[in-house]
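# A look at the structure
The chain contents come next:
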Amino acid sequence: MEEDHNKQEPKTENKLIKMKKFPFIMGIFLIVFLTAGITTIALTFGDEKVESLAPVEETEHAEFQKLYDTYDTLKKNFYKDVDDNELVDGAINGMIQALDDPYSTYMDEEEAKSFNESISSSFEGIGAEIQEHDKQIMVVSPIKGAPAEKAGIKPNDIILSVDGDSLEGLSSTEAVMKIRGKKGTKVELMISRGTSDPLKVTIVRDTIPIETVYAELLPSKIAKIQVTSFSDNTTAELKTALSEMEEKGMKGVILDLRGNPGGLLNKAQEIASLFVPKGENIYQVENRAGQKEITKSDNKTVFDKPVVVLIDGGSASASEIVAAAVSESADIQLVGEKSFGKGTVQTADEYDDGSNFKFTAYKWLTPDGNWIHGKGIEPDVKVSLPKYASLAYISPDKKMKESDTSTEIKTAEQMLEATGFDPGKADGFYDEATKKAVSDLQKEKNLKVTGVLEGETTLALMEMLRDKILNNDTQVKKAESILEKEIN
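So, here's what we can say about the structure. (Residues numbered from 1 in each chain as written. Predicted model: local features only at pLDDT ≥ 70, side-chain atom pairs only at ≥ 80, totals over all residues. Heavy atoms only, no water.)

So, about the pairing of strand β6 (residues 158–162). With four of five residues buried, β6 is to be regarded as a mostly interior element. Relative to β6, strand β5 (residues 136–142) runs antiparallel, the two sharing two bridges. The residue of β6 that forms the bridge with Met-138 is Ile-158. As paired strands, β6 and strand β8 (residues 186–192) are joined by four bridges and run antiparallel to one another. (Buried < 20%, exposed > 50% of the residue type's maximum accessible area, 1.4 Å probe, protein only. Helix = DSSP H or I, 4+ residues; strand = E, 2+ residues; numbered from the N terminus. Pairing = 2+ DSSP bridges.)

Below you can see the structure in the form of structure tokens.
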């Protein structure tokens, strides 16, 4: 879902989440309602309780008698009227939460509708994949070019609150409903990142298009093709990109899966098959009984250009399937940093009212049978981005001026230094040197020269830093050098 969307499509059997009807659970709760309808109430002045006419031995599952009794008692004796649907939703939520699995969740009708919108052509929000982790809401990865990425949101950031409301104890689905909103509206997130103090990040929501493939031909004639997620059109987009790059004289491919939070399983399979020889393993799935099913490449043609794949901590789930497949079955080198480590497959079951729930049904294993869950995939060639690439976001709403002291000022000084301005010592104290560096930035960007860091000046500084990170991408440069050696 955005913000925790895996871009799964309902009622499809070969995806990371599979949708189908779920009569068993519906039957259970149908019994709940029928039981309530035929219950005989015996109230006296003594301490007798509500009696249900559905004895344990007559139910299909005796272990649910406590559920029936609780429902009857609440319907009759709670101090105010209760909503049947809310009771049922709560009961399902309770069962799902008892699994203690961050990838299993229940979505009511409204939440399911929002989820389904996230796999359409576009949606409105901040553009970040999230999940529940250790009872906190964690960012898996921001979407390329989305407001979350532009605001400096990073993989593994913990979202503590939304507009002042704590997310503690909420499911990822509930968190998504708070984070999303109409284009142009602002949302304020409190972010925890490592051991630093929490950051307040204000993000303007926007329309998030589901465009998943971005290609460019580098001067070396090596194509850099970024796949940001795996949705319905990703395979077609990638094939088109490869054809266009081929027409321009492509000599090799950097397949960039950094920050890719995953998506549809069958699309990961199709894309891996473009590079893995026919008949070689793509991945395996294993059920609770230990039974395994192997999926093999159905490649129709041989891809004859050298390939390197980029991964990082934001590469998760379906992108890890592709990375593992090309590494173990096609000897393609992985460059970058260790991947996220999600090695499970979810199945989603749909109710008649439009609500649904997803739960983890399988492990997925690499072609060689390795389970990377909680471990991630180590690259063949480890390359980190420059330190300035991990600098924290600075809120443009915060005003920083001479004589001020804060951790944000230290971050700003590091940004100024990285972008070619001299703020003096990066110590968190806004002195004359810092003021001059900010003034120089304002002059260069044709902004009003005040020497104060806020608003447009802060945004300009962060945009300059972002451009420098893109133009000095150490991981891309390493992948390029590996391919150039293979080509020559």
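Here we take up the environment of Ile-271. You can see Ile-271 is positioned in helix α8 (residues 265–273). Take Ile-271: its relative accessible area is 1%, and that puts it in the buried class. Separated by 48 residues in sequence, Ile-271 and Ser-319 place their C-alpha atoms 9.8 Å apart. Sequence-distant contacts of Ile-271, defined by excluding residues within four places in its chain, comprise Phe-230, Thr-234, Thr-235, Leu-238 and Val-322. (Contact = heavy atoms within 4.5 Å.)

The volume enclosed by the second largest pocket comes to roughly 390 Å³. Surrounding the second largest pocket, 17 residues form its lining, Gln-97, Asp-100, Asp-101, Glu-132 and Lys-135 being those nearest its centre. Residue assignment for the lining of the second largest pocket shows that the elements contributing at least two residues are α3 (84–98), β2 (105–107) and β4 (128–133). The leading source of residues in the lining of the second largest pocket is α3, at three residues. In terms of residue class, the lining of the second largest pocket is built from four nonpolar, eight polar and five charged. (1 Å grid on protein atoms, 1.4 Å probe; cavity = no way out; pocket = protein on both sides within 12 Å on 5 of 7 lines; lining within 4 Å. Points joined across faces, edges and corners; volume = space filled by probe spheres on them. Nonpolar A, V, L, I, M, F, W, Y, C, P; charged D, E, K, R; others polar.)

With that out of the way, let us pick up the side chain of Thr-434. By secondary structure assignment, the location of Thr-434 is in helix α11 (residues 432–444). Given a relative accessible area of 2%, Thr-434 falls into the buried group. Excluding residues that lie within four positions of it along the chain, Thr-434 makes contacts with Glu-413, Pro-423 and Phe-429.

So, to be careful, I would describe these as geometric facts and stop short of saying anything about function.
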